[in-house]
Amino acid sequence: MTVPGPDQRHTVVLPLTSLLPAASPRLSGEDPRHVQAIARLDSPLPPIVVHRATLRVVDGMHRLRAARLRGDERIAVRFFEGSEEDAFVHAVRANTRPGGLPLTRADRSAAAERIIRSHPHWSDRLIASAAGLAASTVASLRRRTGHPAPPATTRTGRDGRVRPLNAADGRRRAGALIAARPEASLREIAHDAGIAVGTARDVRLRLALGQDPVPKKLRDAERRDTGAPHVPRAGAPTSPAGDVAAVATASVATATRDASSSLSRLHMDPSLRLTDGGRTLLRLLNAHAMGGDRWRRLLDAVPAHRRQSVAQAARHCAASWLRFATELERQAG
């Protein structure tokens, strides 16, 4: 997740004596000339940001010292909620934005090294955006630091989303999870596999169509990164994810056979077959109990400009069936 910001809606006024300094991203501390320039301002000072848990100043030490220099007793404050590590990240970000006294190159490099240690799962781009550096610079700092990042399977990007370091591996994990738990929701699969919900949806669709969960371009990129040659073996899967695809496809086929068997038993039940409501239910269940070939034909029948709207309609239908199943299970105890 990205670091939260201070509460912009609520400002309080606190005594200067109640506030403590924090570890500043400025290696040389505050600039006395900047403090004096702020103290000479006639207008009220903008609120400073304070870590609520410790009352340490996160952003605004120059303003705090200027208020003391002017003889003020109180200052406007906005609270930052979060850890002290996240508070430091916010301080760095606040001092790399236009408008304030900028951090030096040395300040930003030192700050990036500290963030690498406190947030090792963050991507180079995310740390770079916080410290005002290039991603390549952060990558070099990560290699040189005496506290290397521990092995991780995921990295948080600039948009706050968590992604696997190896996208192909994330898809394979999702394929294995879908094979083992075909009833699991996309959110559950995405969470457990460390991938986005949209990626989990794509993996499930590819498996339903009997395809490899890892697209060819990802498999090719993986081979380039690892230097592994692509030598298909006769009678063996032709991709690194072939085993997962085969298992998942077999699982989908098994689920389809199980559904067909259950429907056959329901059709033999007179309490359903001989009532109007029961016959309607059986017709609806028959219409949705389709194997991979029928799904493929339906997918091919949807024109490109209607794919999104048909997908939304399908989701509404799926949600209705899910509510129906949940209510039946509740009634069954």
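Here, the structure is the one placed above.
Since the model is a prediction, treat every value here as computed from it, not as a measurement.

Novice: Provide a residue-level description of the pattern of salt bridges, including the pertinent values.
Specialist: Within the structure shown, the criterion is met by 11 salt bridges. Of the charged contacts, one joins Asp31 and Arg33 as a salt bridge, the two residues approaching to 3.9 Å between their closest N and O atoms. On the basis of relative accessibility, which here comes to 23%, the residue Asp31 falls in the partly exposed class. Residue class for Arg33 comes out exposed when judged on its relative accessible area of 66%. In this structure, the salt-bridge partner of Asp72 is Arg70, at a minimum N-O distance of 3.2 Å. The exposure class assigned to Arg70 is partly exposed, which follows from its relative accessible area of 30%.

Novice: Explain the sheet that holds strand β3 (residues 56–59) residue by residue, including any values.
Specialist: Strands pair in a sheet through their backbones, by hydrogen bonds, and they do so in one of two ways: parallel or antiparallel. In spatial order, the strands read β1-β4-β2-β3; together these four strands make up an open sheet with mixed pairing. Strands with a single pairing partner mark the edges of an open sheet, and in this sheet they are β1 (12–15) and β3. Taken pair by pair, the neighbouring strands of this sheet meet at an average axis angle of 55 degrees, ignoring direction. Where strand β2 (residues 48–51) meets β3, three bridges bridge the pair, whose relative direction is antiparallel. Looking across to β3, one finds that His51 is bridged to Arg56. Along the sheet, helix α2 (residues 61–70) contacts β2, β3 and β4 (74–80); its crossing angle with β3, the most-contacted strand, is approximately 120 degrees. Here helix α3 (residues 84–94) sits on the sheet and contacts β2, β3 and β4; the angle it forms with β3, its principal contact strand, is near 40 degrees.

Cut-off values and rules
Residues numbered from 1 in each chain as written. Predicted model: local features only at pLDDT ≥ 70, side-chain atom pairs only at ≥ 80, totals over all residues. Heavy atoms only, no water. Salt bridge = Lys/Arg side-chain N within 4 Å of Asp/Glu carboxyl O. Buried < 20%, exposed > 50% of the residue type's maximum accessible area, 1.4 Å probe, protein only. Pairing = 2+ DSSP bridges. Helix = DSSP H or I, 4+ residues; strand = E, 2+ residues; numbered from the N terminus. Axes fitted to C-alpha atoms, helices over the stretch in contact; angles between N-to-C directions. Contact = heavy atoms within 4.5 Å.

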